[in-house]
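Observations on the model geometry
Below, each chain spelled out in residue letters.
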Amino acid sequence: MAYKRRLLKEMQTLLDLSIPGLKFIPTEDGINHWYVDINIVDNPIYDPAHAFRLEIVAGDEYPIEPPMVKFIGQEIPLHPHVYSNGHICLNILGDGWTPAQSIRSIALSIQSMLQGNTKNERPPDDERYISHAPQNPRSSGWVYHDDNV
Amino acid sequence: MKVTFKKWHAVTYWHWSVPNQDDLCGICRVSFDGTCPSCTYPGDSCPLVVGESCHHNFHMHCITKWLQTDASKGLCPMCRQDFKMVFPAGIDNAREHLGMVLGDSNNNEGGHQQTEPNPENGNQDILA
């Protein structure tokens, strides 16, 4: 992992951060593997008391390549860009990634994506996608067609 | 009174000439005066470059790694403008090092050739 020092720095910041509604949880798998519990307090679609769990895994090529990011757990938030298997269609997790972004900025983007959501629904192709989706959402060929949600 | 110097101990330091000394490389998050993750010695062997239109600085090795990926589309990681690499005046060896990095990239990942930094060749700001 060439950029281990960067991950160590990110870890220090993540542990010190206090952002309302975001809780960064380190894992025993190492500094490249995080859970983020996200609470959405000001959107009637979501229960403010419920924490959605995001899994973030930075690979060997991070930050040149984006980390793997998906929702895990019993309850996957309803959103037209979030599939029921937890995969998220968001350009910064794919071809909109740049190494200037970080684990923190990804968590903030996803939190604000849920906060601003007005549609209490899954993507239209949810069933089709999850029937053949790979384990790692980064292996999916995403098409980013909707900038409005 | 006559003073005779018996011994003279001079100390100098250098830093890269960047607009904000506290800034970090946006890719590795190490200070510009430090090295990219692949290098051991700061200075000429791990030079800085700047974007021609956006003026963002990076360690040359960091930005090269990014620009070599298809995903980069040749854009600056900070502002997504076209990144045209410019070697700030005074960084003589950067071009040579870039050739080395690109030539080596297939089978010698991360193994950039090291040279000792040489503060006397005038490539960095030298402050005494």
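Residues numbered from 1 in each chain as written. Chains lettered and ligands numbered in written order. Predicted model: local features only at pLDDT ≥ 70, side-chain atom pairs only at ≥ 80, totals over all residues. Heavy atoms only, no water.

**Section: the overall build of chain B**
The helix and strand inventory of chain B stands at two helices and five strands. Listed N to C, the secondary structure of chain B is β-β-β-α-β-α-β in terms of helices and strands. With 128 residues in all, chain B has 37% of them scored as buried. Contacts spanning at least 24 positions in sequence make up 59% of the contacts within chain B whose residues lie at least 6 apart. A total of about 7700 Å² of accessible surface is found on chain B, and carbon and sulfur atoms cover 51% of it. (Helix = DSSP H or I, 4+ residues; strand = E, 2+ residues; numbered from the N terminus. Buried < 20%, exposed > 50% of the residue type's maximum accessible area, 1.4 Å probe, protein only. Contact = heavy atoms within 4.5 Å. Areas by Shrake-Rupley, 256 points an atom, 1.4 Å probe, with all protein chains shown as cover.)

**Overview of the packing of aromatic side chains**
All names here are of chain A. Applying the stated criterion across every chain, the model contains seven aromatic pairs over all chains. Taken together, a centroid distance of 5.8 Å and an interplanar angle of 40 degrees make the contact between Y62 and W97 tilted. Taken as a pair, Y62 in the loop between strand 3 (51–57) and strand 4 (68–72) and W97 in the loop between strand 4 and helix 2 (103–115) lie far apart in primary sequence, 35 residues in all. Look at Y62 and you get buried, because its relative accessible area is 1%. Judged by relative accessible area, W97 falls into the buried class, the value being 2%. Aromatic pair Y83 and Y129: ring centres 4.4 Å apart, planes at 45 degrees, arrangement tilted. Note that Y83 is positioned in the loop between strand 4 and helix 2 and Y129 in helix 3 (residues 126–132), a separation of 46 residues in sequence. With respect to class, Y83 is no different from Y129; both count as buried. Linked through ring pairs, Y46, F52 and F71 together constitute an aromatic cluster. (Phe/Tyr/Trp six-rings, centres within 6.5 Å; stacked < 30°, edge-to-face > 60°.)

**Remarks on the UniProt feature "domain: RING-type" (unreviewed entry) in chain B**
The sites that carry the UniProt feature "domain: RING-type" (unreviewed entry) are, in the present numbering, residues 36–80 of chain B. Helix makes up 18% of residues 36–80 of chain B and strand 16%, and the two end C-alpha atoms of the span are 21 Å apart. (UniProt positions renumbered as here; feature names shortened; annotations may be inferred.)

**Quick look at the pairing of strand 2 (residues 48–51) of chain B**
Residues and elements named next belong to chain B. Residue alternation in strand 2 divides its side chains into two sets, L48 and V50 and V49 and G51, and both sets are buried. For strand 2 and strand 3 (residues 57–59), the ladder comprises three bridges, and the chain directions are antiparallel. Looking at the pairing, V49 lines up with F58 of strand 3. Once strand 2 ends, the chain turns through five residues before running back antiparallel as strand 3, passing H55 with a positive phi of about 65 degrees. (Pairing = 2+ DSSP bridges.)

**Things to note about the sheet that holds strand 2 (residues 30–39) of chain A**
Within a beta sheet, neighbouring strands are joined by backbone hydrogen bonds and run either parallel or antiparallel to one another. Residues and elements named next belong to chain A. Taken together, four strands build an open sheet; the order of strands is 1-2-3-4 and the sheet is antiparallel. Each edge of the open sheet carries a strand with a single partner, namely strand 1 (22–27) and strand 4. Looking at each pair of strands side by side, their axes are set apart by 25 degrees on average, direction ignored. Two strands pair when backbone bridges link them, and strand 1 and strand 2 are joined in this way by six bridges, in the antiparallel orientation. (Axes fitted to C-alpha atoms, helices over the stretch in contact; angles between N-to-C directions.)

**Focus on the confidence of the model for chain B**
Keep in mind that low pLDDT regions are not for reading the predicted coordinates in detail. All names here are of chain B. On average, residues of chain B score 77 in pLDDT, and 69% of them reach the 70 mark or higher. Ignoring residues within four places in sequence, the model shows residues 104–128, a span with pLDDT below 50, making 49 contacts including any to other chains. The complex model carries a pTM of 0.79, and its ipTM stands at 0.83. (pLDDT = per-residue confidence, 0-100.)

**Considerations on the sheet that holds strand 4 (residues 85–86) of chain B**
Residue and element names in this part refer to chain B. Strand order in this open sheet of three strands is 3-2-4, and the pairing throughout is antiparallel. Because the sheet does not close on itself, it has two edges, and the strands there are strand 3 and strand 4. The pairing of strand 2 with strand 4 spans two bridges and is classified as antiparallel. Residue pairing in the sheet places V50 in a bridge with V86 of strand 4.

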